[in-house]
Amino acid sequence: MKRKIHIVGNWKMNQTLASIKTFFTEFNETCAKYNNCNMWIAPQFIHIPYLQELARTRNLVKVGGQNCSHVNSGAFTGDVSAASLKDMGADFVIIGHSERRAFFQEKDEILNTKTINALNAGLKVIFCVGETLEEREADKTKAIIKGQIDKGLAKIPSNKIKDVIVAYEPVWAIGTGKNATPEQAQEVHKFIRGHINSTLKWNSDELIILYGGSVKPSNIDELLDCQDIDGALVGGASLVAADYDKLCASGNRK
Ligand code: PGA
């Protein structure tokens, strides 16, 4: 039995009030049909309440953050805490996206603290891992991912393991239009599931592992057909209601 498919839209620093309104005017028409697929969207923090208000089907569409602080309160100008996200009604948070790692120098240790803090605040965490093109070409993909998992997912309280989702996002595939082939993605997903089982000693049969990197309506089916791919973390194609709709329709069929 395949695990339930999750289609997660990562809107990054995009959308306006007007475009969010248009998105839900279109998407609300159809999404109630997709009760076999978990539909999640992470807008900019400031748009979370508006998105919740517009998603008439908000019982079906879960809303989350793209990042959070490593602490819950205090003198951290500009930061947003996991506790505040939870307070606003967010269900999940994305941690360790490669753009956070590259542009904000977020290292494994801080990502581990953020993850534990977010889980303790009651959020689900989508923890991102992935290799750069140079690392893949140097045959270091598995070693890089192993390091990111071992450090980033260390010391997770055992009662919170069920709230962790892993997203494999090869950095070279993000926003480039160049996705990993289903074979390349499946190989890494299988490795992640096995490694988490043997090293962290989690029962990873139930672990949701998302693929991310140039997922679009034309390639999602072949990715979701893979045994260890349980959904997608989608940037560009999640911004347009018609495309996000098609992705969720595919997720619903699997
Ligand atoms: P993309 O982004 O779908 O635009 O490649 C994916 C991501 O960054 O999560």
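See above for the structure.
Only a predicted model underlies this, so the values are computations on that prediction, with no experimental measurement involved.

## Observations regarding unusual backbone geometry
The phi dihedral of glutamine 15 falls on the positive side, at around 80°, and the residue is not glycine. Here glutamine 15 shows up in the loop between strand 1 (5-10) and helix 1 (17-30). Among the residues examined, glutamine 15 registers a relative accessible area of 17% and is labelled buried. If you check the backbone angles, lysine 201 has positive phi at about 65° while not being a glycine. Tracing the sequence through the fold places lysine 201 in the loop between helix 8 (182-200) and strand 7 (208-212). Accessibility expressed as a relative area gives 67% for lysine 201, which makes it exposed.

## Brief notes about the pairing of strand 6 (residues 164-168)
In terms of burial, strand 6 is largely enclosed, as five of its five residues are buried. Burial along strand 6 is two-sided: the face carrying Val164, Val166 and Tyr168 and the face carrying Ile165 and Ala167 are both buried. As paired strands, strand 5 (residues 124-129) and strand 6 are joined by five bridges and run parallel to one another. By the bridge assignment for strand 6, cysteine 128 is matched with alanine 167. One ladder, built from four bridges, connects strand 6 with strand 7; its direction is parallel. For alanine 167, the partnering residue across the bridge sits in strand 7 and is leucine 210.

## Some points on the pattern of salt bridges
Taken as a whole and assessed by the stated rule, the structure comprises 16 salt bridges. A salt bridge links lysine 162 to aspartate 163, with the nearest nitrogen and oxygen atoms 3.3 Å apart. A relative accessible area of 11% means that aspartate 163 is categorised as buried. One salt-bridge network, in which partners are shared between bridges, spans Arg3, Arg193, Asp228 and Asp230.

## Things to note about helix 1
Between the first and last C-alpha of helix 1 there are 21 Å, a value that for 14 residues agrees with the 20 Å anticipated at 1.5 Å per step. Considered for burial, the residues of helix 1 that qualify are Ile20, Phe23, Phe24, Phe27, Asn28 and Thr30. Of the surrounding secondary structure, the elements contacted by the buried residues of helix 1 are strand 2 (37-42), helix 2 (48-54), strand 3 (61-65) and helix 10 (241-253).

## Digging into the packing of aromatic side chains
Going through the model one piece at a time under the given rule, you end up with seven aromatic pairs. Ring centres 5.9 Å apart and planes at 45° place the aromatic pair phenylalanine 23 and tyrosine 244 in the tilted group. Pair noted here: phenylalanine 23 is in helix 1 and tyrosine 244 is in helix 10, with a separation of 221 residues, a long-range link. The same class applies to phenylalanine 23 and to tyrosine 244, which are both buried. Three or more aromatic residues joined by ring pairs form one cluster here, namely Trp11, Phe23, Phe24, Phe27 and Tyr244. Here the guanidinium or amino end of arginine 100 rests over the ring plane of phenylalanine 104, the centre of that ring lying 3.8 Å away.

## Quick look at the pairing of strand 1
Where burial is concerned, most of strand 1 is hidden: six out of the six residues are buried. Residue alternation in strand 1 divides its side chains into two sets, Ile5, Ile7 and Gly9 and His6, Val8 and Asn10, and both sets are buried. When strand 1 meets strand 8 (residues 231-234), the two strands line up parallel, connected through four bridges. Note that in strand 8 the partner of histidine 6 across the bridge is glycine 231.

Rules behind the numbers
- Residues numbered from 1 in each chain as written.
- Predicted model: local features only at pLDDT ≥ 70, side-chain atom pairs only at ≥ 80, totals over all residues.
- Heavy atoms only, no water.
- Helix = DSSP H or I, 4+ residues; strand = E, 2+ residues; numbered from the N terminus.
- Buried < 20%, exposed > 50% of the residue type's maximum accessible area, 1.4 Å probe, protein only.
- Pairing = 2+ DSSP bridges.
- Salt bridge = Lys/Arg side-chain N within 4 Å of Asp/Glu carboxyl O.
- Expected span 1.5 Å × (residues − 1).
- Contact = heavy atoms within 4.5 Å.
- Phe/Tyr/Trp six-rings, centres within 6.5 Å; stacked < 30°, edge-to-face > 60°.
- Lys NZ or Arg CZ within 6 Å of the ring centre and 35° of its normal.

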